[in-house]
Amino acid sequence: MKKISNDEGKPRCHCGVFGIFGHPEASVMCYYGLQALQHRGQEAAGIVTSEWLEDKKKQRFNIQKGVGLVSDVFKDEKVLREVLKGSSAIGHNRYSTTGSTDNKSNIQPFVVNYKSGNLALGHNGNLTNYRKLRYALQNEGTIFQSTSDSEIILHLAARSKQKDQILQIKEALDFVEGAYSIVMLTDKSLVAARDSHGFRPLALGKVDSAYVVASETCAFDIIGAEYIRDVAPGEIIVIDNDVLATGEVKSFWISKRSSKVHHCIFEFIYFSRPDSKVFGINVDRVRRKLGKLLADVNPITPQSPEDKVIIISVPDSSNTCTLGYVTESNKQGRNVRLELGLIRSHYIGRTFIQPQENYREIKVKTKYNTVKGVLKGRKVIIVDDSVVRGTTSKQLVKLIKEAGPKEVHFRVSCPPIKFPCYYGMDFPSSKELIANRFKGDVEAIRKELGVDSLSYLPMEKLIASAPTDDGRNYCTACFDGNYPVIIDPEASKNENDQ
Ligand code: SF4
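Quantities reported herein were computed from a predicted structural model and do not represent experimental measurements. (Residues numbered from 1 in each chain as written. Predicted model: local features only at pLDDT ≥ 70, side-chain atom pairs only at ≥ 80, totals over all residues. Heavy atoms only, no water.)

**Examining the overall build of the protein**
Here is step 1: A tally of helices and strands in the protein yields 18 helices and 26 strands.
Here is step 2: Considered along the principal axes of its C-alpha atoms, the protein spans approximately 80 × 50 × 45 Å.
Here is step 3: Here the protein holds 498 residues, and the buried ones make up 58% of them.
Here is step 4: For the protein, contacts bridging at least 24 residues in sequence account for 72% of all contacts bridging at least 6.
Here is step 5: Carbon and sulfur atoms provide 49% of the accessible area of the protein, an area that totals close to 20,500 Å².
Here is step 6: The positive charge centre, built from 69 side chains, and the negative charge centre, built from 59, are 3 Å apart in the protein. (Helix = DSSP H or I, 4+ residues; strand = E, 2+ residues; numbered from the N terminus. Buried < 20%, exposed > 50% of the residue type's maximum accessible area, 1.4 Å probe, protein only. Contact = heavy atoms within 4.5 Å. Areas by Shrake-Rupley, 256 points an atom, 1.4 Å probe, with all protein chains shown as cover. Lys, Arg positive; Asp, Glu negative; His and termini not counted. Charge placed at Lys NZ, Arg CZ, Asp CG, Glu CD.)

Given below as C-alpha cells:
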C-alpha cells in the first residue's frame, strides 16, 4: 500500500512565521505561536533562539527543526526549556512553495554564521527573481545548502559590504522581488520585514515587555499578546534592547517600493483563520461578507412550507462564509436553515494509506461523513470556499447524494481559479484546475460535479467584500491573471525540484 498526502483538494497555503524579542520564555511563546499558525504549514516546523553566553561573552543561536506538526517536532518539553534557551526566538511552519518537500535542508528557520555574526531567517512567500539571483551567486562561487528561494536573502546579506547587520539585510531586500513576510534574528535584534506589495500578512504585537511578530494575530491571542499594528508593506522593523527600553520601534523602508499594495485576497477566502486579523482586518468580517454576497447569486427559494431548503458548509474553512450566506438568505425572506450536514474528522493525521481499490471514496470519507437524517429529502445548498481540481468536491457531492437529498446545489465563495500563484501559494498546475479543464464553462463543471446548480461568486462581489480604505488593494491574479509583479514563469520554479 502506498501512503499519500491527505490534502483536502485545496490550494496549499504557504508558511507561517513567528518572532519574539525580550521574553524569558521565548522558545515556549514561539512554540505556542507556531501551534496557532499550524494551518499555514504542516510539513515541517522549526525554532531558533538567541542565547547570551556570559562566560564566553558572545551570542549563540540554538536550533531545533524537524518534519511534521509543531507538536511532533517539539514533543519533548526539555528541548524547549534546555536546548532552545534565550530571550529571543523566531519560528517557522512550512509548506514548500519552492524547494523540495522531502529535502530536510529546506526546513526553516535557516541559520548562518558569517563575518558579522549569526543570522537566522524564516520566510513566508515566494521570491519571483530567485532563479536569476541564484544563477548569479552560484556563478560567483556561492554554495547553497538548500533548494529553497529563501536562502538567497541570507547570502545577499552576508555578501553585503555594509558593517551593520540591519543595513546588510536592508541591502539584501533591495535585490529580491516578489512576495515575502520575513522574520530574522541577528545577534542583537529581531527583524521583521514585508515586501512592498504586502502580499502576505505580518502583524506586530506586544506581550508583557516583549515584542512579537506573526503571520496572523491568532498567534498573539494564544500567548496573551496585544496587537499593535501591521508591519507595513515595504517596511523593515527592528526590535532590540533600545526598543525594549524606549518603547519606540525602529522602522526602515526598502528602497524599491511599489506605488500600490496588493494583499493576497485568498487570505480572506481560505488561508487565514477567521479569528485572526490580517492586513489589519478581521478575517471573520470579510468571510461573512463573502457569504452574504454569495447569497444573492442564483438563490434557491423554498416553493412551499414542505419544501425544505438547508444550507451546509464544507467544514471548517467554509463555516464562517456559510453563516453569512444563511443570515442574508433569511434576511431576504427565503426561509432557509443552517444544518450540520457534513462532519469533519480532525484526527486522521497527514497521510492516507491508499488501498488497492476505491481509494478516492475512502480518502474523502476519512475526512468527511454525512448526517443522513439532515440531508434526506431536502434541497441542499453546499457552500464551499473554493474549488481547485474539483476531485474532492465531486467526491463530496457523491457522498451527500448517497444520503438521499431532493436536490444538491453548489455555491463557491470565490470566482473560478484559472491561474497559478507565483507569490507563495501552491496551486496544482494550470491544466489540473477544473476551471481550465472545462475552459471556464460553468455548465460543464456543474455536470462534472454532478449537482443541480453551480454558482461562483463573481469577481466584482469578491472585490466588494474586502475593505479598500487606507489604500488597501488586492491581488486577484489566480482568478484574472493580472499579476502585480511581472513574472517569468521559469523564474519562479526551482530547477532542483523538477
Ligand atoms: Fe493570493 Fe491568488 Fe494573488 Fe497568489 S495569485 S497572491 S493566491 S490572490
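Structure shown, so let's carry the discussion forward.
**Regarding the site of the ligand**
Here is step 1: Around the ligand lies a shell formed by Arg200, Cys264, Ile265, Phe266, Cys421, Tyr423, Met425, Cys475, Ala477 and Cys478.
Here is step 2: Partitioning the shell around the ligand into residue classes produces nine nonpolar, no polar and one charged. (Near = heavy atom within 4 Å. Nonpolar A, V, L, I, M, F, W, Y, C, P; charged D, E, K, R; others polar.)

**Concerning the pattern of salt bridges**
Side chains carrying opposite charge are able to pair once their charged atoms draw close together.
Here is step 1: All chains considered together, the criterion is met by 25 salt bridges.
Here is step 2: The closest approach of N and O atoms between glutamate 51 and arginine 60, which form a salt bridge, is 3.0 Å.
Here is step 3: Residue classification places glutamate 51 among the buried positions, given a relative accessible area of 12%.
Here is step 4: The class of arginine 60 is partly exposed, set by a relative accessible area of 38%. (Salt bridge = Lys/Arg side-chain N within 4 Å of Asp/Glu carboxyl O.)

**As for the sheet that holds strand β9 (residues 190-194)**
Here is step 1: If you walk across this open sheet you meet the six strands as β6-β7-β8-β9-β13-β14, and the pairing is antiparallel. Strand pairing shows two members of the sheet lacking a second neighbour, β6 (110-114) and β14 (250-253), which therefore form its edges. Geometrically, the sheet is characterised by an average inter-axis angle of 20° between neighbouring strands, direction not taken into account.
Here is step 2: Along the sheet, helix α5 (residues 151-159) contacts β6, β7 (117-127) and β8 (178-186); its crossing angle with β7, the most-contacted strand, is approximately 135°. (Pairing = 2+ DSSP bridges. Axes fitted to C-alpha atoms, helices over the stretch in contact; angles between N-to-C directions.)

**Points about the nonpolar core**
Here is step 1: Core analysis: the biggest nonpolar cluster contains 71 residues, and Phe266, Phe268, Ile269, Ile382, Tyr423 and Phe479 have the highest contact counts within it.
Here is step 2: In terms of nonpolar packing, the next biggest core, distinct from the first, is built from 29 residues, Cys30, Ala203, Val207 and Cys218 among them. (Core = buried A, V, L, I, M, F, W, Y, C linked by side-chain atoms within 4.5 Å.)

**Digging into the packing of aromatic side chains**
Here is step 1: With the rule as written, the count across this model stands at 11 aromatic pairs.
Here is step 2: A centroid spacing of 4.1 Å and a plane angle of 25° characterise the contact between phenylalanine 199 and tyrosine 423, whose relative ring orientation is stacked. In this pair, phenylalanine 199 sits in the loop between β9 and β10 (203-207) while tyrosine 423 sits in the loop between β24 (407-412) and α15 (434-437), placing the two residues 224 residues apart along the sequence. Per residue, the accessibility class of phenylalanine 199 equals that of tyrosine 423, and both read buried.
Here is step 3: Judged by centre distance (6.2 Å) and plane angle (70°), the ring pair of tyrosine 423 and tyrosine 483 falls under edge-to-face. One end of the pair, tyrosine 423, is in the loop between β24 and α15; the other, tyrosine 483, is in the segment after α18 (477-480), and 60 residues separate them in sequence.
Here is step 4: Residue classification places tyrosine 423 among the buried residues on the basis of a relative accessible area of 2%.
Here is step 5: A cation sits over an aromatic face here: arginine 134 above phenylalanine 144, 4.3 Å from the ring centre. (Phe/Tyr/Trp six-rings, centres within 6.5 Å; stacked < 30°, edge-to-face > 60°. Lys NZ or Arg CZ within 6 Å of the ring centre and 35° of its normal.)

**Re the pairing of strand β25 (residues 453-456)**
Along any regular strand, the residues point their side chains to alternate faces of the sheet.
Here is step 1: Of the two faces of β25, the one holding Ser453 and Ser455 and the one holding Leu454 and Tyr456 are both buried throughout.
Here is step 2: Direction of pairing for β24 relative to β25: parallel, over a ladder of four bridges. What sits directly across from histidine 409, in β25, is serine 453.

**Some details on the environment of proline 420**
Here is step 1: Relative to the assigned elements, proline 420 resides in the loop between β24 and α15.
Here is step 2: Given a relative accessible area of 21%, proline 420 falls into the partly exposed group.
Here is step 3: Sequence separation of proline 420 and serine 430 is 10 residues, and the distance between their C-alpha atoms is 6.2 Å.

**Focus: helix α16 (residues 442-449)**
Here is step 1: Turning to α16, its buried residues number three or more, namely Ile445, Arg446 and Leu449. For α16, the angular spread of the buried residues around the axis is 105°, confining them to a single face.
Here is step 2: Contacts made by the buried residues of α16 are with α14 (391-401), α15 and β25.
Here is step 3: Sitting at the head of α16, aspartate 441 places a side-chain oxygen 3.0 Å from the backbone nitrogen of glutamate 443.
Here is step 4: The first or second residue beyond α16 is glycine 450, which carries a positive phi of 80°. (Arc of directions from axis to C-beta. Polar contact = N/O pair within 3.5 Å; in protein donor to acceptor, adjacent residues only side chain to side chain.)

**Observations regarding the pairing of β24**
Here is step 1: Among the six residues that make up β24, five are buried, leaving the element largely enclosed by the rest of the structure.
Here is step 2: Pairing between strand β23 (residues 379-384) and β24: six bridges, direction parallel. Bridge pairing in β24 places aspartate 384 opposite valine 412.

**Side note on the packing of helix α10 (residues 283-294) against helix α11 (residues 319-331)**
Here is step 1: Look at α10 against α11: their axes get within 6 Å of each other, and the N-to-C directions meet at 45°. The angle between α10 and α11 places the two elements in the oblique class. The chirality of how α10 crosses α11 is right-handed. Taking contact as the criterion, the partners of Asp284, Arg287, Arg288, Leu290, Gly291, Lys292 and Leu294 in α10 are, on α11, Thr320, Cys321, Leu323, Gly324, Tyr325 and Glu328.
Here is step 2: Its residues placed into classes, the contact of α10 with α11 shows five nonpolar, three polar and five charged. (Parallel < 35°, antiparallel > 145°, perpendicular 65-115°, else oblique. Left-handed = near helix turned anticlockwise from the far one by under 90°.)

**Topic: the side chain of aspartate 385**
Here is step 1: Here aspartate 385 shows up in the loop between β23 and α14.
Here is step 2: Classification of aspartate 385 as buried rests on a relative accessible area of 1%.
Here is step 3: A polar atom in the side chain of aspartate 385 sits 2.6 Å from the side chain of serine 317.

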